[in-house]
Amino acid sequence: MIQTVSDLRQWWGKSELGQYVYAQEWDFFQQAAGSLAGRRTLLTGAFTAQSAAQTATQGALWQCATLPADVLAEETVLPWRDNVFDVVLAAHAGDFGVSVATWLAELYRVVRPFGCVVLTGFNPYSLWRIGGNVPQVAQSLPFTQFKSCVAQAGWQVAQGRFMHYLPPVDSAKWLHRMRFMELAGNRWWPHGAAVYGLVLRKQRAGMRWQADAQPCGFAPEAVVLGAAKQPFTGQNAPNGV
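Residues numbered from 1 in each chain as written. Predicted model: local features only at pLDDT ≥ 70, side-chain atom pairs only at ≥ 80, totals over all residues. Heavy atoms only, no water.

- Looking at an unreviewed UniProt entry, one finds the chain named Methyltransferase domain-containing protein and attributed to Conchiformibius steedae.

### Details of the packing of helix H2 (residues 16-33) against helix H3 (residues 49-56)
Stage number 1. At a minimum axis separation of 12 Å, H2 and H3 run at an interaxial angle of 20 degrees. Looking at the two axes, H2 sits roughly parallel to H3. The hand of the H2/H3 crossing is right-handed. Of H3, the residues touching H2 (which contributes Tyr22, Trp26 and Gln30) are Ser51, Gln54 and Thr55.
Stage number 2. Taken together, the residues of the contact of H2 with H3 break down into 2 nonpolar, 4 polar and no charged. (Axes fitted to C-alpha atoms, helices over the stretch in contact; angles between N-to-C directions. Helix = DSSP H or I, 4+ residues; strand = E, 2+ residues; numbered from the N terminus. Parallel < 35°, antiparallel > 145°, perpendicular 65-115°, else oblique. Left-handed = near helix turned anticlockwise from the far one by under 90°. Contact = heavy atoms within 4.5 Å. Nonpolar A, V, L, I, M, F, W, Y, C, P; charged D, E, K, R; others polar.)

### What to know about the packing of aromatic side chains
Stage number 1. For the structure shown, the criterion picks out 13 aromatic pairs.
Stage number 2. Ring centres of Trp80 and Phe85 lie 4.9 Å apart, and the angle between their planes is 80 degrees; on these two criteria the pair is classed as edge-to-face. Judged on exposure class, the residue Trp80 and its partner Phe85 are both buried.
Stage number 3. On the numbers, 5.0 Å between centres and 65 degrees between planes, the contact of Phe143 with Tyr196 is edge-to-face. With Phe143 in helix H5 (residues 143-152) and Tyr196 in strand S7 (residues 195-201), the pair connects residues that are 53 residues apart, well separated along the chain. Per residue, the accessibility class of Phe143 equals that of Tyr196, and both read buried.
Stage number 4. Ring-pair connections join several aromatic residues into one group, and the members of that group are Trp11, Trp12, Tyr22, Phe96, Phe122 and Trp128.
Stage number 5. Here the basic side chain of Arg177 rests over the ring of Trp174, its NZ or CZ set 5.1 Å away from the ring centre.
Stage number 6. When the ring centre of Tyr108 is taken as reference, the NZ or CZ atom of Lys202 above it lies at 4.6 Å. (Phe/Tyr/Trp six-rings, centres within 6.5 Å; stacked < 30°, edge-to-face > 60°. Buried < 20%, exposed > 50% of the residue type's maximum accessible area, 1.4 Å probe, protein only. Lys NZ or Arg CZ within 6 Å of the ring centre and 35° of its normal.)

### What about the sheet that holds strand S4 (residues 85-91)?
Stage number 1. Judged by pairing direction, the sheet is mixed, and its 7 strands sit side by side in the order S3-S2-S1-S4-S5-S7-S6 without closing on themselves. Among the strands making up the open sheet, the edge pair consists of strand S3 (71-72) and strand S6 (156-163).
Stage number 2. Sheet analysis places strand S1 (residues 41-45) next to strand S2 (residues 61-64), joined by 3 bridges and oriented parallel. Bridge pairing links Leu42 to Leu61 in S2. (Pairing = 2+ DSSP bridges.)

### Observations regarding the nonpolar core
Stage number 1. Among the nonpolar cores identified, the biggest contains 39 residues, and Leu8, Trp11, Phe47, Leu89, Val118 and Trp128 are the most heavily contacted of them.
Stage number 2. Mapped by element, the contributors of at least two residues to this core are helix H1 (5-14), H2, S2, S4, strand S5 (111-122) and S7.
Stage number 3. Here this core gets 9 residues from one element, more than from any other, and that element is H2.
Stage number 4. Not counting residues within four places of it along the chain, the set of residues in contact with Trp128 comprises Trp11, Leu17, Val21, Phe122, Val134, Pro135, His164, Leu166, Pro167, Pro168 and Ala194.
Stage number 5. In this structure, Ala73, Phe143, Phe146 and Leu198 belong to the second largest nonpolar core, which totals 29 residues. (Core = buried A, V, L, I, M, F, W, Y, C linked by side-chain atoms within 4.5 Å.)

### Re the pattern of salt bridges
Stage number 1. Under the definition given, this model contains 5 salt bridges.
Stage number 2. We note a salt bridge from Arg109 to Asp82, for which the minimum N-O separation is 2.8 Å. Of this pair, Arg109 sits in helix H4 (residues 100-110) while Asp82 sits in the loop between S3 and S4, placing them 27 residues apart in sequence.
Stage number 3. Look at Asp82 and you get partly exposed, because its relative accessible area is 49%.
Stage number 4. In this structure, Arg109 and Glu106 form a salt bridge, with 2.9 Å as the shortest nitrogen-oxygen distance. (Salt bridge = Lys/Arg side-chain N within 4 Å of Asp/Glu carboxyl O.)

Right, here's the structure in full:
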């Protein structure tokens, strides 16, 4: 049973369907976030070690509940000071029965003004509800309810994408045969997708973006708080730590 972020992370690597879906999601994250070089970036949620390693070369930090990780902490717990990150990438950290409202509020706190969050979530009304070796998404919020929580937390939706319209088949042969459903679903049944992705923007009234603002590296005040702090090494080390 895939009922936690940790279960999901294992499913990405062990299942043909999981690898197929993860490839779609990772493509969304890469396109939505653009170049991460020079930005203060945090990865949290069900990312794989390989994806974390790719972004680590661009200065991103990986927060995970199990090692290996740059910071050892639960995906929905953000032990960071206010206004630290320019970008947060969050893969399904809001699924599996967590308090979405609290999580979105915490994200709003740690992201700098005009920063963004790129996230993915599961749709409980997709074809996956018929069963199979897929994540248990009964506790995931429907897309419309999730958008309401987003607005209440103060975020603005900048863009989004629906992904994956196939039934819960778990073989490479059937995944290949049924890919025609991706185009059909995207055109005729977008809200029936198994996964949705959103880019949220943090804006504040009375503030204007400065074109010459070039965030670079982590300042000493950006380090994590309390016992959640872990040793930073190599390219992930903030200045002064």
